[in-house]
Amino acid sequence: MEERAGQPTIGQRLANERTDIARDMDRLAKWKNELTDALGMDRTRDWDDIRNAARGLRRERDSWAASAQRVRDLHRPVEYRGQTICWACSDYDFPGQTTDSPPIAYDQCLTVKALAGYPATDA
């Protein structure tokens, strides 16, 4: 086999490959440690455990998002006598277009504010 000037030998190429593999393994181990730490797991867990934990978190997140959307749908804005009020807080009755409680302006609905991340206010 002929070697060309300026090109690495087979031995040099293998040594470079081993270095690349070792660097990739170190990077992969670092990512695994960061994932297990973020998931609150011990670092001895394998990739299947990490994937299952992430899948469980995704299901939980989706469930919470669906619950929040149901609350938003319940506390939806409706027009009442020229102002936008909260359907649920005002006990709005669509067929009769009346409220059983004093109308609560939609931007004052504490439930919608809580879902948006605003801190609770003292009454």
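Side note on helix 2 (residues 47-74)
(1) Moving on: Under the 1.5 Å per step criterion, the end-to-end length of helix 2 is 41 Å for 28 residues, consistent within 8% with the ideal 40 Å.
(2) Moving on: Residue Asp46 occupies the N-cap position of helix 2, its side-chain oxygen lying 3.2 Å from the main-chain nitrogen of Asp48.

Topic: the side chain of Thr36
(1) Moving on: Tracing the backbone shows Thr36 in helix 1 (residues 10-39).
(2) Moving on: If we skip the residues at most four places from it in the chain, Thr36 touches Met41, Asp42, Arg43 and Ile50.

Comments concerning a nonpolar patch on the surface
(1) Moving on: A surface patch of nonpolar side chains, about 400 Å² in accessible area, is lined by Leu28, Trp31, Leu35 and Trp47.
(2) Moving on: Per element, the largest residue contribution to the nonpolar patch is three residues, and it comes from helix 1.
(3) Moving on: If you trace the backbone, Leu28 turns up in helix 1.

Let's talk about the pattern of salt bridges
(1) Moving on: With the rule as written, the count across this model stands at eight salt bridges.
(2) Moving on: Between Arg27 and Asp24 there is a salt bridge, with its nearest N and O atoms 3.2 Å apart. Of this pair, Arg27 and Asp24 both sit in helix 1, separated by three residues, roughly a single helical turn.
(3) Moving on: Judged by relative accessible area, Asp24 falls into the partly exposed class, the value being 42%.

Conventions used here
- Residues numbered from 1 in each chain as written.
- Predicted model: local features only at pLDDT ≥ 70, side-chain atom pairs only at ≥ 80, totals over all residues.
- Heavy atoms only, no water.
- Helix = DSSP H or I, 4+ residues; strand = E, 2+ residues; numbered from the N terminus.
- Expected span 1.5 Å × (residues − 1).
- Polar contact = N/O pair within 3.5 Å; in protein donor to acceptor, adjacent residues only side chain to side chain.
- Contact = heavy atoms within 4.5 Å.
- Patch = residues over 30% accessible without salt bridge, like charges linked within 9 Å, V, L, I, M, F, W, Y side chains within 5 Å.
- Areas by Shrake-Rupley, 256 points an atom, 1.4 Å probe, with all protein chains shown as cover.
- Salt bridge = Lys/Arg side-chain N within 4 Å of Asp/Glu carboxyl O.
- Buried < 20%, exposed > 50% of the residue type's maximum accessible area, 1.4 Å probe, protein only.

As far as function goes, none of this settles anything; it's purely spatial.
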